[in-house]
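# Fold and contact review
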Amino acid sequence: MRKKSNIARYTADELATMRKRGKSRTDWTKAAAISREELERSIASDPDEAGMVIDWESATIEPPQAKAVLNMRVDRHVLDFFRRDGARYQTRINAVLRAYVQAQEKQPKKNRTAKR
């Protein structure tokens, strides 16, 4: 059984116009009246939050690193795969490469598949 969707989509201009008119669908009085305990219970009962534990002690803020310009050849099929989802395909390719590097760095040196 599918969930009923209650998502409303607005352009940035529409949202700016709504804010100028003071129009908001958020009941800020109700939101402000929720106690910390009620909020915690609500989050705990949300199935999307199940098992999610955030360790704020180990959280870090890392400034973005400068990108290097690279001209490389890749298989057409690989490029088409990333381009299929539209704009920012280069960002997705970079994310895949970053995840691979992080996975390799976690392995002991002798078990790494990448040759240097």
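Just above sits the structure.
These numbers come from a predicted model, not from an experiment.

## A short note on the overall build of the protein chain
- When its secondary structure is counted, the protein chain shows five helices and zero strands.
- Sequence-ordered secondary structure for the protein chain, helices as α and strands as β, is α-α-α-α-α.
- Against the compact-globule benchmark of 13 Å for 116 residues, the protein chain has a radius of gyration of 22 Å, which places it well outside the compact range.
- In terms of overall dimensions, the protein chain has C-alpha extents of about 60 × 40 × 35 Å along its principal axes.

## Side note on the pattern of salt bridges
- Within this structure, the stated rule accounts for two salt bridges.
- With a shortest N-O distance of 3.6 Å, Arg 36 and Glu 40 are connected by a salt bridge. Here Arg 36 pairs with Glu 40, and both are found in helix α3 (residues 36-45), just four residues apart, close to one helical turn.
- Its relative accessible area of 58% is what places Arg 36 among the exposed residues.
- Judged by relative accessible area, which is 40%, Glu 40 ranks as partly exposed.

## Section: the packing of aromatic side chains
- Tallying each qualifying case throughout the model produces one aromatic pair.
- Here the aromatic rings of Phe 81 and Phe 82 are separated by 5.3 Å at their centres, their planes lie at 85°, and the arrangement is edge-to-face.
- Judged by its relative accessible area of 13%, Phe 82 falls in the buried class.

## Remarks on the environment of Arg 41
- Tracing the sequence through the fold places Arg 41 in helix α3.
- What makes Arg 41 exposed here is its relative accessible area of 53%.
- For the pair Arg 41 and Thr 91, spaced 50 residues apart in sequence, the C-alpha separation works out to 37 Å.

## Some details on the packing of helix α4 (residues 76-83) against helix α5 (residues 89-106)
- Their axes nearest at 8 Å, the elements α4 and α5 cross at an angle of 115°. Overall, the two elements α4 and α5 adopt an arrangement that is roughly perpendicular. Relative to α5, α4 is oriented so that their crossing is right-handed. From α4, Leu 79, Phe 82 and Arg 83 reach across to α5, where they touch Tyr 89, Arg 92, Ile 93 and Val 96.

## Notes on a nonpolar patch on the surface
- A cluster of nonpolar side chains, namely Leu 70, Met 72, Val 74 and Val 78, defines an oily patch on the protein surface of about 370 Å² accessible area.
- When you line up the elements, Leu 70 lands in the loop between α3 and α4.

The rules we used
- Every chain begins its residue count from 1, and numbering advances along the sequence as written.
- Predicted model: local features are reported for residues with pLDDT of at least 70 only, side-chain atom pairs are reported and counted for 80 or more only, and whole-chain, interface and lining totals are derived from all residues.
- Only hydrogens and water are set aside; all other atoms, that is, all heavy atoms of the structure, feed into the side-chain values.
- Helix numbers and strand numbers start at the N terminus; a helix is a DSSP run of H or I with at least 4 residues, a strand a run of E with at least 2.
- To get the radius of gyration, use the C-alpha atoms; to get the globule rule, take the number of residues to the power 0.38 and multiply by 2.2 Å.
- Any carboxyl oxygen of Asp or Glu within 4 Å of a side-chain nitrogen of Lys or Arg constitutes a salt bridge here.
- Remark: exposure states derive from per-residue accessible area (1.4 Å probe, protein chains only) relative to the maximum for the residue type, with buried under 20%, exposed over 50%, and partly exposed in between.
- Note on aromatic pairs: the rings of Phe, Tyr and Trp (six-membered ring only in Trp) are paired at centre separations within 6.5 Å, and the planes decide the class, stacked below 30 degrees, edge-to-face beyond 60, tilted for the rest.
- Orientation is described by lines fitted to C-alpha atoms, with helices fitted over the stretch in contact, and by angles between N-to-C directions that extend from 0 to 180 degrees.
- Orientation labels follow simple angle bins: below 35 degrees gives roughly parallel, above 145 gives roughly antiparallel, 65 to 115 gives roughly perpendicular, and whatever is left gives oblique.
- In this scheme the handedness of a crossing depends on how the near helix is turned from the far one: anticlockwise by less than a right angle means left-handed, clockwise means right-handed.
- For this analysis, residues touch if any pair of their heavy atoms sits within 4.5 Å.
- Any residue with relative accessible area above 30% and no salt bridge may belong to a patch, with like charges joined within 9 Å and the nonpolar Val, Leu, Ile, Met, Phe, Trp and Tyr side chains within 5 Å.
- Only the protein chains shown count as covering a residue, and every accessible area follows the Shrake-Rupley method with a 1.4 Å probe.

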